[in-house]
Amino acid sequence: MALRHYTLDFKLSTAVDSATTVPHLLSIFHEQEMTETVHETNGHGYLGTFVGKNGRLAILRVHSRGLVTIDLQCYEEDNIAQLDNLLNALETKLKLILNGNITRIKRLPALVRGAEVDRYWPSTDDRLLEYDMDQLVYEEDSPYQNIKILHSQQYGNVLILDDDINLAESDLTYTKAIMGNGRESYTGKEVLILGGGDGGILFEMVKQKPKMITMLDIDQKVIDACKKYMRRTCGNILDSLEGDCYQILVEDCVPVLRKYVQEGKTFDYVINDLTAIPISTEPEEDSTWEFLRLILDLSIKVLHPSGKYFTQGNAQTMTEALRLYEEQLKKLSCPVGFSKEVVCVPSYLEQWVFYSVWKK
């Protein structure tokens, strides 16, 4: 079962009296066999609910501050043409009643609530984003996270970890950006990938014939899911955990990094694809910031003196989180320089920041 929620708003230059507005609308509701109930608003205008057949519910508010709003809810299997006619009739009548007083009319597509396939996801700055997801391809809980792969008509299959959109098959720009956007040559180089269970970075990297790529990802179930359902991203690279120039270690990267530090092992490139910069602005108290600092410090320690460290940042709008991350770069065990680049990642529907870091 799913619910469709329509909205129709009239922004007015001056407030109107509900007594001169509501009576003209009642006949439209009555024609739809909807029964009115008036609610007390303690002086804040008119609030009426109208209940009809098939579970339809309309909410009419004539606000005391120059706004008239209509909300209409119905079940997904309801007659959409009838509902459009109802909204059209209300809009037409209000245009006549409020003529000369309207500054804006806004009618939005229906918000679908409770559908089998979720299509709404928040942006990093809490704006509502609607996707064209039409199928749940895969879902499973691993010991570490909830894994979903949804299908989008525009973006292909989309990997979602703990309800956070990670990567879609359309997002080659993400992979290229976290690899330096074509400015680096990986031929004959030693590369360490942290995370990357979708296989996108590894698949693109082997094309450049590096000496060896080591990929560390803790979650075998992510690898298995992407191997089956994200083939446009990973090709056949995840079919085997090792190849001529790569090895995939299904392990927690922290103890492996510490082992590499102890052994004095270094890499020409370290690519951190584990997590975005946390949105929290309390880096001294947030455990995700703590994890990020640990990974960053260990990664710089295993980086060759002339090497580079690449990572995603966060949305360009998250200016405070990005500033705090840059402050963390100044607190590492050795001085580093950095640059950043803003890239449009299709399925994110946001401009995304990527960092390049090097030892001074």
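Residues numbered from 1 in each chain as written. Predicted model: local features only at pLDDT ≥ 70, side-chain atom pairs only at ≥ 80, totals over all residues. Heavy atoms only, no water.

Going by what an unreviewed UniProt entry lists, the protein is known as Spermine synthase and is assigned to Eleginops maclovinus. According to the UniProt record, the Pathway (unreviewed entry) comment for the protein reads "Amine and polyamine biosynthesis; spermine biosynthesis; spermine from spermidine: step 1/1." Quoted verbatim from the Sequence similarities (unreviewed entry) field of UniProt, the annotation for the protein is "Belongs to the spermidine/spermine synthase family." (UniProt positions renumbered as here; feature names shortened; annotations may be inferred.)

S.K.: Tell me about the overall build of the protein, and please be specific about residues and values.
M.R.: When helices and strands are counted, the protein shows nine helices and 20 strands. Taken against the 2.2 N^0.38 rule, which gives 21 Å for 360 residues, the C-alpha radius of gyration of the protein at 27 Å runs more than 25% over that of a compact globule. Based on the C-alpha atoms only, the size of the protein along its principal axes is roughly 80 × 40 × 35 Å. A separation of at least 24 residues holds for 61% of the contacts in the protein among residues at least 6 apart in sequence. About 17300 Å² of surface is accessible on the protein, with carbon and sulfur atoms providing 48% of the total. Charged side chains in the protein number 38 positive and 53 negative. The centres of these two groups are separated by 6 Å. (Helix = DSSP H or I, 4+ residues; strand = E, 2+ residues; numbered from the N terminus. Rg over C-alpha atoms; globule rule 2.2 N^0.38 Å. Contact = heavy atoms within 4.5 Å. Areas by Shrake-Rupley, 256 points an atom, 1.4 Å probe, with all protein chains shown as cover. Lys, Arg positive; Asp, Glu negative; His and termini not counted. Charge placed at Lys NZ, Arg CZ, Asp CG, Glu CD.)

S.K.: Before we move on, can you summarise helix H2 (residues 80-97) with the specific residues and values?
M.R.: In a regular helix each residue adds 1.5 Å, so 18 residues correspond to 26 Å; H2 covers 26 Å between its end C-alpha atoms and thus fits that length. For H2, the elements touching its buried residues are strand S1 (3-12), helix H1 (23-31), strand S5 (67-75) and strand S6 (102-113). By the N-cap criterion, in which a side-chain oxygen at the helix start approaches the backbone nitrogen of a residue two or three places on, H2 is capped by Asn79, the distance to Ala81 being 3.1 Å. (Expected span 1.5 Å × (residues − 1). Polar contact = N/O pair within 3.5 Å; in protein donor to acceptor, adjacent residues only side chain to side chain.)

S.K.: Could you give an account of the side chain of Glu204, naming the residues involved and the relevant values?
M.R.: Mapped onto the secondary structure, Glu204 falls in helix H4 (residues 200-205). The contact partners of Glu204, leaving out residues within four places of it in the chain, are Leu172, Thr175, Lys176 and Met179.

S.K.: Just give me the short version of the sheet that holds S5, but keep the residues and values in it.
M.R.: Pairing within the open sheet is antiparallel, and its six strands lie in the order S2-S3-S4-S5-S1-S6. The two strands at the open ends of the sheet, each matched to only one other strand, are strand S2 (35-39) and S6. Each strand of the sheet is rotated relative to its neighbour by a mean of 15°, with strand direction disregarded. Strand contacts of H1: S2, strand S3 (46-51) and strand S4 (57-62), with the helix running at about 180° to S4, the strand carrying the most contacts. (Pairing = 2+ DSSP bridges. Axes fitted to C-alpha atoms, helices over the stretch in contact; angles between N-to-C directions.)

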